[in-house]
Amino acid sequence: MTEHSYEFTRAVTRKPSASIVDGLRAADIGTPDLDQMLKDHAHYVAILRETGAKVVELPALEAYPDAVFVEDTALCLPEGAVMMRPGAPSRAGEVDGMAPVLRDIYDDVLEISGPGFIEGGDILTTSKEILVGRSARTDAAGVAELQSLVDQWGYSVREVFTPEGVLHFKTDCSLLDAETILSTKRLDASGCFEGYNVIHTSDGEEAAANAIRFNQFVIMPAGFPKTSERLCAAGYDVREVNNTECAKLDGGMSCLSLRF
Ligand code: GLY
């Protein structure tokens, strides 16, 4: 296992495309504005780069409206990458767009071949294990195949459950450091974080849970002042990025990059 699963030298992102207006969403709360999303995306990439990490920015993929959410296509570990098998049929082709990029970087790129499904947004890698939340996009067979693949690298996979109606496991939680998780109360109530320190999002600020620890920064969506204050008080160096447009597609900070 990696000692510090929040220290990264590289990230891969993909620019949002004009087809983002057709992205998947649980509820229609408005059409995403591409210009605003491009600005927010550039801000996000700039913060990743500020840490000294090298960021590969891939071009927009018009054929895949959700392709900006690259995290769902792969699990990147120090030893190699595992290409996912998205549970959303419209997103399956995104994996083919990402595989050659990761093959250029890694010697070992494995694949979830099915019949199960698994998306990266359901995977939280901590310093001691890989937590995978079953969801509408990730099933038991997908979790089992991931376990069988990463076993060779010494990882232990633990199956947990994403709350009903929540898109991905990491919609509701983030890793803050080796021992600490930021979580909504509803997810923490499942008991899945026993043995970790947990900081809860403030009531009414559940959407703040999808943050990322990326080297020295915790990058979180803007507009959640109580949770932000809580994280600052706990000693984290918080950076906020406007997420209004990605939020219309149930996307957030973790969805926008692959980090390794
Ligand atoms: N819009 C992101 C997703 O549903 O996968």
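Let me sum up the structure you'll find in this document. (Residues numbered from 1 in each chain as written. Predicted model: local features only at pLDDT ≥ 70, side-chain atom pairs only at ≥ 80, totals over all residues. Heavy atoms only, no water.)

**Quick notes on the pattern of salt bridges**
Stage number 1. Overall, the coordinates contain 14 salt bridges when judged by the stated rule.
Stage number 2. Salt-bridge contacts for Glu-50 lead to Arg-239; the nearest nitrogen and oxygen are separated by 3.1 Å. Of the two residues, Glu-50 is situated in helix α1 (residues 34–50) and Arg-239 in strand β14 (residues 237–241); the sequence distance between them amounts to 189 residues.
Stage number 3. Residue classification places Arg-239 among the partly exposed positions, given a relative accessible area of 26%.
Stage number 4. Put simply, Arg-134 and Glu-159 hold a salt bridge, and the shortest N to O gap is 3.4 Å. (Salt bridge = Lys/Arg side-chain N within 4 Å of Asp/Glu carboxyl O. Helix = DSSP H or I, 4+ residues; strand = E, 2+ residues; numbered from the N terminus. Buried < 20%, exposed > 50% of the residue type's maximum accessible area, 1.4 Å probe, protein only.)

**Some thoughts on the nonpolar core**
Stage number 1. Among the nonpolar cores identified, the biggest contains 34 residues, and Tyr-44, Leu-48, Leu-124, Phe-169, Phe-193, Phe-214 and Ile-219 are the most heavily contacted of them.
Stage number 2. A per-element tally of this core places α1 first, with five residues.
Stage number 3. Beyond its immediate sequence surroundings of up to four residues, Leu-124 is in contact with Glu-129, Ile-130, Leu-131, Phe-169, Lys-170, Cys-173, Ser-174, Leu-175, Ile-181 and Phe-193.
Stage number 4. Core analysis: the next-biggest nonpolar cluster, separate from the first, contains 17 residues, Val-82, Met-84, Leu-149 and Tyr-155 among them. (Core = buried A, V, L, I, M, F, W, Y, C linked by side-chain atoms within 4.5 Å. Contact = heavy atoms within 4.5 Å.)

**Comments concerning the pairing of strand β10 (residues 180–183)**
Stage number 1. Residues Thr-180 and Leu-182 of β10 are buried on one face, and the alternating residues Ile-181 and Ser-183, pointing to the opposite face, are buried as well.
Stage number 2. Where strand β9 (residues 173–175) lies against β10, three bridges are found, and the strand directions are antiparallel. Considered in β10, the bridge of Ser-174 is made with Leu-182.
Stage number 3. Hairpin connection of β9 to β10: four residues between the antiparallel strands.
Stage number 4. Note: β10 against strand β11 (residues 197–200), four bridges, orientation parallel. Opposite Ser-183, over in β11, you have His-200 as the bridge partner. (Pairing = 2+ DSSP bridges.)

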